[in-house]
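Take a look at the letters that make up each chain.
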Amino acid sequence: MKHSGFRFAVVVISLYAAFASFMFSILADESAYPGSVAVQVSGEKASVGSDSLSELLNGAAQEADAVILREVRDLHDPKVRHAYLSEAGSSRPEQSWLNEGYPTFSNSVSTIVHSASELTGVDPRGRYFVFGDDGAPGELIAQFERIGLDVKVSEIGFHLGEAFTWFLTGMIGSASYVVILLVILLVTVTTINNIKMYSIRQLNGMSKNQAIMDDLRRLIPFAVWVMFASIVSGTLGLFLYNGLNQFSSVLKVWFCIELIGVLLAIIVHMLAVHVVWSVDVLAGIKGKLGFSAASALAYLIRIPGLIVAISLVTSSFASAQVALESHEARQQLSKAGNAATILFGGSAALEEEDELAYSSGKWLKEQDSLGNLLVAVPLEVEGATGQLSTALLVNNSYIKESGLVSSDGKQISYVPPESVKVLLPDGLQLSQQEIADLLEIGGSFDPDYADNLIVETIPDEQDFSLYEPEPDGESRPQSLSDVPLILYGAQSDLVRDDDFMAFASQGRVLFKDFQTAVAVTPSQYLRSWIAAYIPIAQKAADEYSTRVMELRIRSVTALLSLVVLLATAVGMAQIHVRGNARLILVKYLHGWDFFNTHKKLFSFEVVLAGLVVFGIILNETIHYIGLAPADQSGRVHGQATAIDIWQPWAVLLVCLINIVVLVISLRSRTNILIRNRSEETA
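These remarks concern the structure in this document. Quick caveat, the model's predicted, so the values are computed rather than measured.

**Examining the overall build of the protein chain**
Broken down by element type, the protein chain carries 22 helices and 16 strands. Taking all 682 residues of the protein chain together, the buried fraction comes to 48%. By element, 58% of the accessible surface of the protein chain is carried by carbon and sulfur atoms, the whole surface being about 32300 Å².

**Some details on helix 2 (residues 53-64)**
For helix 2, with 12 residues, the first-to-last C-alpha span of 17 Å sits near the 16 Å given by 1.5 Å per residue. Listed as buried for helix 2 are Leu53, Ser54, Leu56, Leu57, Asn58, Ala60 and Ala61. Its buried side turned inward, helix 2 meets strand 2 (67-73), strand 5 (126-131) and helix 4 (136-146). Positive phi appears at Asp65, one or two residues downstream of helix 2, with a value of about 50°.

**As for the nonpolar core**
If you look at the biggest cluster of nonpolar residues, it comprises 75 residues, and the most contacted ones within it are Phe6, Val183, Val187, Leu306, Ile310, Val654 and Leu666. Ranked by residues supplied to this core, first place goes to helix 1 (residues 4-31) with 12 residues. Apart from the residues within four sequence positions on either side, Val183 is in contact with Ala9, Ile13 and Ala265. Membership of the second largest hydrophobic core comes to 59 residues, among which are Val41, Val422, Phe503 and Val509.

**Quick notes on a nonpolar patch on the surface**
Nonpolar side chains collect at one region of the surface, where Phe8, Val11 and Leu15 lie side by side and expose about 270 Å² of accessible area between them. Residue position: Phe8 is located in helix 1. With a relative accessible area of 42%, Phe8 lands in the partly exposed category.

**Description of the side chain of Glu71**
By the element assignment, Glu71 lies in strand 2. Residue classification places Glu71 among the buried positions, given a relative accessible area of 8%. Reaching out from Glu71, the side chain makes a polar contact with the side chain of Arg127 at a distance of 2.7 Å. Setting aside residues no more than four positions away along its own chain, Glu71 makes contact with Tyr33, Arg81, His82, Arg127 and Phe129.

**Description of the pairing of strand 5**
Counting buried residues in strand 5 gives 5 out of 6 residues, a clear majority hidden from the surface. Here strand 1 (residues 37-42) pairs with strand 5 via 5 bridges, running antiparallel. Bridge assignment links Ala38 to a residue of strand 5, and that residue is Phe129. Pairing between strand 2 and strand 5: 5 bridges, direction antiparallel. Residue pairing in the sheet places Ile68 in a bridge with Val130 of strand 5.

**So, the environment of Ile657**
Here Ile657 lies in helix 22 (residues 639-676). Relative accessible area serves as the criterion here: at 26%, Ile657 is assigned to the partly exposed category. Other than its neighbours up to four places away in sequence, Ile657 contacts Leu562 and Leu566.

**Comments concerning the packing of aromatic side chains**
Aromatic ring pairs: the centre-centre distance and the angle between the two ring planes describe each pair. One pass over the structure, following the stated rule, counts 14 aromatic pairs. Here Trp97 and Phe131 contribute two aromatic rings whose centre-to-centre distance is 5.3 Å and whose plane-to-plane angle is 85°, an arrangement assigned as edge-to-face. Of this pair, Trp97 sits in helix 3 (residues 97-100) while Phe131 sits in strand 5, and the two are 34 residues apart along the sequence. Judged by centre distance (5.2 Å) and plane angle (80°), the ring pair of Phe594 and Phe595 falls under edge-to-face. With a relative accessible area of 12%, Phe594 lands in the buried category.

**Here we look at the packing of helix 7 (residues 195-203) against helix 9 (residues 247-277)**
Relative to each other, helix 7 and helix 9 sit at 65°, their axes nearing to 10 Å. When the interaxial angle is binned, helix 7 and helix 9 end up roughly perpendicular. Where helix 7 crosses over helix 9, the two elements pack in a sense that is right-handed. Contacts between helix 7 and helix 9 pair Ile195, Tyr198, Arg201 and Gln202 from the former with His269, Val273, Val276 and Trp277 from the latter. Of the residues assigned to the contact of helix 7 with helix 9, the class counts are 5 nonpolar, 2 polar and 1 charged.

**As for the pattern of salt bridges**
Throughout the structure, instances matching the rule amount to 8 salt bridges. Across the pair Arg127 and Glu71 runs a salt bridge whose closest N-O atoms are separated by 2.7 Å. In this pair, Arg127 is assigned in strand 5 and Glu71 in strand 2, connecting sequence segments 56 residues apart. The exposure class of Arg127 is partly exposed, given its relative accessible area of 28%. A salt bridge links Arg92 to Glu94; the nearest nitrogen and oxygen atoms lie 3.1 Å apart. Arg92 sits in the partly exposed class, given a relative accessible area of 24%. According to the relative accessible area criterion, Glu94 is buried, its value standing at 11%.

**Quick word on the pairing of strand 2**
With 7 of its 7 residues buried, strand 2 lies for the most part within the structure. Across the two faces of strand 2 the burial is the same, with Val67, Leu69, Glu71 and Arg73 and Ile68, Arg70 and Val72 all buried. Note that strand 2 and strand 3 (residues 80-85) share 5 bridges and pair antiparallel. Bridged to Leu69 within strand 3 is Leu85.

**Quick look at unusual backbone geometry**
Even without being a glycine, Asp65 presents a positive backbone phi close to 50°. You will see that Leu244, though not glycine, has its phi angle at about 65°, which is positive. Note that Leu244 resides in the loop between helix 8 (208-242) and helix 9. You can call Leu244 partly exposed: its relative accessible area is 30%.

**Concerning helix 8**
With 35 residues, helix 8 should cover 51 Å at 1.5 Å per step; its first-to-last C-alpha distance of 49 Å lies within 8% of that length. At Arg217, helix 8 shows its strongest bend, of approximately 30°, with the proline Pro221 following within four residues. Directly beyond the C-terminal end of helix 8, a positive phi value near 70° is found at Gly243.

**Description of the packing of helix 6 (residues 173-193) against helix 9**
Here helix 6 crosses helix 9 at 35°, and the two axes come no closer than 9 Å. Here the hand of the crossing between helix 6 and helix 9 comes out right-handed. Counted together, Ile180, Val183, Ile184, Val187, Thr188, Thr191 and Ile192 of helix 6 and Leu264, Ala265, Val268, His269, Ala272, Val273 and Val276 of helix 9 form the full contact between these two elements. Classifying every residue of the contact of helix 6 with helix 9 by side-chain character gives 11 nonpolar, 3 polar and no charged.

**So, a negative patch on the surface**
On the surface, Asp426, Asp460, Glu461, Asp463 and Asp482 cluster together into a negatively charged patch. Summarising the element assignment, Asp463 is placed in strand 12 (residues 463-465).

Calculation criteria
Residues numbered from 1 in each chain as written. Predicted model: local features only at pLDDT ≥ 70, side-chain atom pairs only at ≥ 80, totals over all residues. Heavy atoms only, no water. Helix = DSSP H or I, 4+ residues; strand = E, 2+ residues; numbered from the N terminus. Buried < 20%, exposed > 50% of the residue type's maximum accessible area, 1.4 Å probe, protein only. Areas by Shrake-Rupley, 256 points an atom, 1.4 Å probe, with all protein chains shown as cover. Expected span 1.5 Å × (residues − 1). Contact = heavy atoms within 4.5 Å. Core = buried A, V, L, I, M, F, W, Y, C linked by side-chain atoms within 4.5 Å. Patch = residues over 30% accessible without salt bridge, like charges linked within 9 Å, V, L, I, M, F, W, Y side chains within 5 Å. Salt bridge = Lys/Arg side-chain N within 4 Å of Asp/Glu carboxyl O. Polar contact = N/O pair within 3.5 Å; in protein donor to acceptor, adjacent residues only side chain to side chain. Pairing = 2+ DSSP bridges. Phe/Tyr/Trp six-rings, centres within 6.5 Å; stacked < 30°, edge-to-face > 60°. Axes fitted to C-alpha atoms, helices over the stretch in contact; angles between N-to-C directions. Parallel < 35°, antiparallel > 145°, perpendicular 65-115°, else oblique. Left-handed = near helix turned anticlockwise from the far one by under 90°. Nonpolar A, V, L, I, M, F, W, Y, C, P; charged D, E, K, R; others polar. Bend = angle between axes of the 7 residues up to and from the residue. Lys, Arg positive; Asp, Glu negative; His and termini not counted. Charge placed at Lys NZ, Arg CZ, Asp CG, Glu CD.

The following block contains the structure:
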């Protein structure tokens, strides 16, 4: 007796187990550090008190005999992350990463290991990973809670419960359900198609249990052989991929998925045998149940398969669009290089803050004169008529970094130290009084001295970046255009020391380089007044890395679901031709063309596609009606809008591919039937 469907199901299970365990390992490795406990630190306060961040980590690691890792994404390369490791001398194997490097599973992301001593001036808020006993994270949590920060804890790694939850509800959850349905379909259809042989066995006096055991004696050795072959080939593949890094953890997940899948196939087979065994023997010998039941079962998987394929292809397109937008935002901020905002909020006493604010403002102006700062301050200026207008206060470093040109196409020259230059777009005409109004910032600069004030024009339609790490519509835009620029000299006294400090606290004064900022900051400011320096491209880099990882996983799962859907199309063609072989041959002999011969099947497929499209439209309509008006108008760049844009194209693409494969398979099986006078017509 042939059990080709069961054998094919075992192969599908093995392939999916390899794929799923590999994807889970990739995700776990790229998004975290397997085997650790993740600690997410957030909150308004940014200081770690009198201790540095490295001292805090090393102290907590030594107390708990653990290894603590702080992760920071690279600003310029989404494939690189930096791991800062504690140096408390723990006996754990992770401590060797400082010398030997991180044993990465994924080749798509490179992990550079640093000592925690390099965390000077780094914002303590972020992600930490603790390797140690169950109580090891408690010491780190206590340290952060002591200084008023919020902590969220989650386990990371190859925990089987987490893995199976991810397989069923995570990014590949939909694909997992499709594979489960495919396994059920393959096993059930094969068993039902063998109803004639089971009826003959029953007629010869064999019991149902004996028939099942006889099947299992034939099928289990094949399943074991396939599992062994997949593990051997997978091991070789992993050896070539990453030298078997983290192999034991991957193998554990792999083997469990494989075992559960084979057990599912066996249980489905036993239930299917129970069903066919209950059919009347004479009806079974005639094979009346076989093809009609197989067709119904095939549609039970084609319907959800089509829905899942459309959904995953749509989400892949949407993820690609969101990733592109994230890439553009990252590129915009990458122009600033390693520029970093200044995060105030150290551990200074309240009575010292006024003095520190004044002295640090003066120190920042000194750094400005040395060319270490970028200044981009949007100003709302009230003119003589009471009308508000927007201007942008910038320094010489801003002009150099932005590459702005004057109306004659030349690079804008630096302003002398004691002067101020007003740059007006060509289409903007301002009177002398209006220019004077622009310069009413609060300093002691006197625009009446002609030698100190320079007015030039610049071309229209130039964007002026605000180096905004978290753009938020009109309240905090990414850039301004066609506004006057006020380019001040560092010694012009246009801005008072305390006003300069206020601009810095608003995130409008940036150090051009993060490392330089840490190196030149006086010890009386660092940690006591300046809590940290935050690279403005950090959030965009983190967001882009996450989007790229999501896109890769969604693309692979969409491809998997599409393959499963097309496999059901091929199976449907085979079931239809075998079940209607006599009728197809008679129609052919009477001169019917291909499409009229299979008109009933094509009608079912059109109705199926129509129902799926109608369901998707209905679901989207209900979702849209349920949104608040603000949400309806504000979904401009989000994932939901991207899905709305791409869903019609995904529906068209998936339905077109599905029908093309069905037609090709159907024509191929029909031609074989006609050419060979298939034995089904006998």
